[in-house]
Amino acid sequence: MSDADHIEAFLDAIWAERGLSDNSLDSYRRDLKKLSAFLEQRGSNLLAARREDLLAYLGLQMREGRSPRSVARYLSGFRQFYRWQVREGRIADDPTALIESPRLGRSLPKALTEEQVERLLMSPDTESPLGLRDRAMLELMYATGLRVSELVGLQLPNVNLNQGVVRVVGKGNKERLVPLGDEASRWLTSYLETARPALMKGASAPEVFVTGRRAGMTRQSFWLRVKRHALEAGIDRPISPHGLRHSFATHLLNHGADLRVVQLLLGHSDLSTTQSYTHVAREGL
């Protein structure tokens, strides 16, 4: 088997085991292909790689300016690849076994203030279909803490306005029900009744949020819209769609929400992931 075949076999296996998203699988594939090309230059291949080969590759990434967090991500993917190869009996030893991950400082989520969120929500021109769509998306994201991929991937059958909930398919194909809240429900209803039909012009698409091209929005296009609205709102600090998710969690904790409730709403499988938000709340105090 070629390196490419070994990579695809590994990706098929972890998809079946863990139900990873296409983005995660693409990331693994990209990192392993780069490692394969590096090893080929050294007269080796993925299954013949030694610890020294992997250290040389990771060292090269550091010298080229990759952050410790990126290098740690590469190493994590390589570990999973080689552990799977050992488990399958294709190699005897894991070359990553004695390689230590780079030390990482705590990266705290950056949350907007409640006043900044209010200005951002008010920024879109709700008299236009695109502006009303953007307002509904921002309101929904801030009210629910959805990931960007969950927001743009939300489909019409998964929205229940009568009960005020959305059914979200998150990481690992795990489903959760998330309450909308009155304000987000109001804007989402308005968008679905007026703006979406105007954008679709009689066409059909399963996604809730669509563009003027009558198709679902991408993460990149929503990021550009958020950036534009933040600029119009006078928010002079870096912002991303994920910043609203951070803000949702931090503001809930600031107002006394239980950590496990926030964990369920965000769809975190591990409570320690949610606990990072408590550090943000503490810094705010």
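Check the entry above for the structure.
Think of each chain on its own: its residues are numbered from 1, step by step along the sequence as written. Reporting in this predicted model follows two pLDDT cut-offs: at least 70 for local features of residues, and 80 or more for side-chain atom pairs to be given and counted; totals over whole chains, interfaces and linings ignore these cut-offs and use all residues. To get the side-chain values, take all heavy atoms of the structure and skip hydrogens and water.

1. Focus on the packing of aromatic side chains
Here is step 1 of the chain: Two aromatic rings from Phe, Tyr or Trp, using only the six-membered ring of Trp, form a pair when their centres are within 6.5 Å; if the ring planes differ by under 30 degrees the pair is stacked, by over 60 it is edge-to-face, and anything between is tilted. Taken as a whole and judged by the stated rule, the model has 7 aromatic pairs.
Here is step 2 of the chain: Judged by centre distance (5.4 Å) and plane angle (85 degrees), the rings of Phe-10 and Phe-81 are edge-to-face. Placement of the pair is Phe-10 in helix 1 (residues 3-18) and Phe-81 in helix 4 (residues 68-87), with a sequence separation of 71 residues. When sorted by exposure, Phe-10 lands in the same class as Phe-81, which is buried.
Here is step 3 of the chain: Three or more aromatic residues link up through ring pairs in this structure, and these residues are Phe-10, Tyr-28, Phe-81, Tyr-82 and Trp-84. Starting at the N terminus, helices and strands are each numbered in turn, a helix being any DSSP run of H or I of at least four residues and a strand any DSSP run of E of at least two. For every residue, the accessible area obtained with a 1.4 Å probe (protein chains only) is divided by the maximum for its type, and the residue is called buried under 20%, exposed over 50%, and partly exposed between those limits.

2. Focus: the packing of helix 2 (residues 22-41) against helix 3 (residues 51-63)
Here is step 1 of the chain: Each axis is a line fitted through C-alpha atoms, and for a helix only the stretch in contact is used; angles between axes span 0 to 180 degrees, taken between their N-to-C directions. Where helix 2 contacts helix 3, the axes come no closer than 11 Å and their chain directions differ by 110 degrees. Here helix 2 is positioned roughly perpendicular relative to helix 3, judged by the angle of their axes. Like other packed secondary-structure pairs, helix 2 and helix 3 cross with a definite hand, here right-handed. Packed against helix 2, whose contacting residues are Asp-31, Lys-34, Leu-35, Phe-38 and Leu-39, the element helix 3 presents Asp-53, Leu-54, Ala-56, Tyr-57 and Leu-60 at the interface.
Here is step 2 of the chain: When residues are grouped by polarity, Ala, Val, Leu, Ile, Met, Phe, Trp, Tyr, Cys and Pro land in nonpolar, Asp, Glu, Lys and Arg in charged, and all others, Gly among them, in polar. Taken together, the residues of the contact of helix 2 with helix 3 sort by class into 7 nonpolar, no polar and 3 charged. Small angles under 35 degrees read as roughly parallel and large ones over 145 as roughly antiparallel, with 65 to 115 read as roughly perpendicular and the rest as oblique. Two helices cross in a left-handed way if the nearer one is turned anticlockwise from the farther one by less than a right angle. They cross in a right-handed way if the turn is clockwise. Note on contacts: a residue pair qualifies if any of its non-hydrogen atoms lie within 4.5 Å across the two residues.

By themselves, these figures tell us nothing about what the structure is for.
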